[in-house]
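Chain residues, written in single-letter form:
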Amino acid sequence: MIDQSELQEKGYIIVPDLVPEQLLQPAIKAITNFLDVNLDDPTTWYQKNLGSNGIVPIHHHQAFWDIRQYEPVYRLYAGLFKTEDLWVRLDRASFKPPWRPEHPDEKDDSQIHLDSHPEKVFLPRYQGILYLTDTEENQGAFCCVPSLYTGKQTTLNRNSLLFTDEDLKGHDIVHLAGKAGTFILWDSRLPHASSLNLHSKPRLTQYISMFPAGTEDNREERIQLWREKRAPERWRNFPYQQDPEPGQPAKLTPIGEQLLGLRST
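An account of the accompanying structure is given in this report.

Calculation criteria
Residues numbered from 1 in each chain as written. Predicted model: local features only at pLDDT ≥ 70, side-chain atom pairs only at ≥ 80, totals over all residues. Heavy atoms only, no water. Phe/Tyr/Trp six-rings, centres within 6.5 Å; stacked < 30°, edge-to-face > 60°. Helix = DSSP H or I, 4+ residues; strand = E, 2+ residues; numbered from the N terminus. Buried < 20%, exposed > 50% of the residue type's maximum accessible area, 1.4 Å probe, protein only. Pairing = 2+ DSSP bridges. Contact = heavy atoms within 4.5 Å. Axes fitted to C-alpha atoms, helices over the stretch in contact; angles between N-to-C directions. 1 Å grid on protein atoms, 1.4 Å probe; cavity = no way out; pocket = protein on both sides within 12 Å on 5 of 7 lines; lining within 4 Å. Points joined across faces, edges and corners; volume = space filled by probe spheres on them. Nonpolar A, V, L, I, M, F, W, Y, C, P; charged D, E, K, R; others polar. Patch = residues over 30% accessible without salt bridge, like charges linked within 9 Å, V, L, I, M, F, W, Y side chains within 5 Å. Areas by Shrake-Rupley, 256 points an atom, 1.4 Å probe, with all protein chains shown as cover. Salt bridge = Lys/Arg side-chain N within 4 Å of Asp/Glu carboxyl O. Lys, Arg positive; Asp, Glu negative; His and termini not counted. Charge placed at Lys NZ, Arg CZ, Asp CG, Glu CD.

It is worth spelling out the packing of aromatic side chains at this point. Under the counting rule described, the total for this entry stands at four aromatic pairs. Ring geometry for Phe81 versus Tyr126: centroids 5.3 Å apart, planes at 65 degrees, classification edge-to-face. Of this pair, Phe81 sits in helix 4 (residues 71–81) while Tyr126 is found in strand 5 (residues 126–131), placing the two residues 45 residues apart along the sequence. Owing to a relative accessible area of 14%, Phe81 belongs among the buried residues under this scheme.

Turning next to the sheet that holds strand 8 (residues 183–187). Pairing is antiparallel across the open sheet formed by six strands, whose spatial order is 1-8-5-10-4-2. Each of the sheet's edge strands pairs with one partner strand only, and the pair in question is strand 1 (12–15) and strand 2 (55–56). Across three bridges, strand 5 lies against strand 10 (residues 203–207) in antiparallel orientation. In the sheet register, Ile129 faces strand 10, and the bridge partner there is Tyr207. Most of the contacts of helix 2 (residues 21–35) go to strand 10, to which it runs at about 110 degrees, and overall it touches strand 2, strand 4 (93–96), strand 5 and strand 10.

Summed over all chains, the structure comprises one cavity of 30 Å³ or more. The calculated volume of the largest cavity comes to roughly 50 Å³. As for the largest cavity, its lining consists of 10 residues, of which Leu35, Trp45, Lys48, Leu50 and Phe95 are closest to the centre. Of the residues assigned to the lining of the largest cavity, the class counts are six nonpolar, two polar and two charged.

What follows deals with a negative patch on the surface. Side chains of Asp217, Glu220, Glu221 and Glu233 sit close together on the surface and give a patch of like negative charge. Looking at the secondary structure, you find Glu220 in helix 7 (residues 216–228).

Structure below.
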């Protein structure tokens, strides 16, 4: 069980040791194989310019589905929404190498932001990031501004999803470290960002968000994306996105079938 009062107060919770090592390693391998990266060889870390947030455009790899359909991850969201009838977003991963002056394009200078206007989405809405490897505060860790969440009205009815230096004046930006297997879940109304990696090692993560099941039209679309191994349409032109992604559709457990939309509770 999680402490929902902490989530309500700060806008996020940290769940250590949520995902075991035997599920983390295949996801790490999926990322490093896709990028042709050797984690022990820094010269390989910058071969592909993934942009400031290091998005790795893999949506349907078996390793990612195995983590999505891992029961403790599912139960975490089911407890928050108080329903088992959930779908999972067909989200991606991230590989963020340390920033170096000789690789200026790899600099993560993303601003504190919201991903969508809170008043325009179904609430509550939660998002999550899984640390696949140990992640220090200065290693591109997830960062956020809890004091702005505490005054939730400050994040409503904004003209911009980005927060300026003036917006942040007087507010502390908190960087959240975690061991491999740590899951950070946050309320979508929490201003957040992915910080600059000033460590000696890359940051590897998988994004995992769940929400109450949607409409029949959405269900058919999701099943087709899984069956054909295609990214959601809005992400198909992302750098290095394969369309379709290689291999067979991921094998799903009953929980995975629920999260895709093949079955309902």
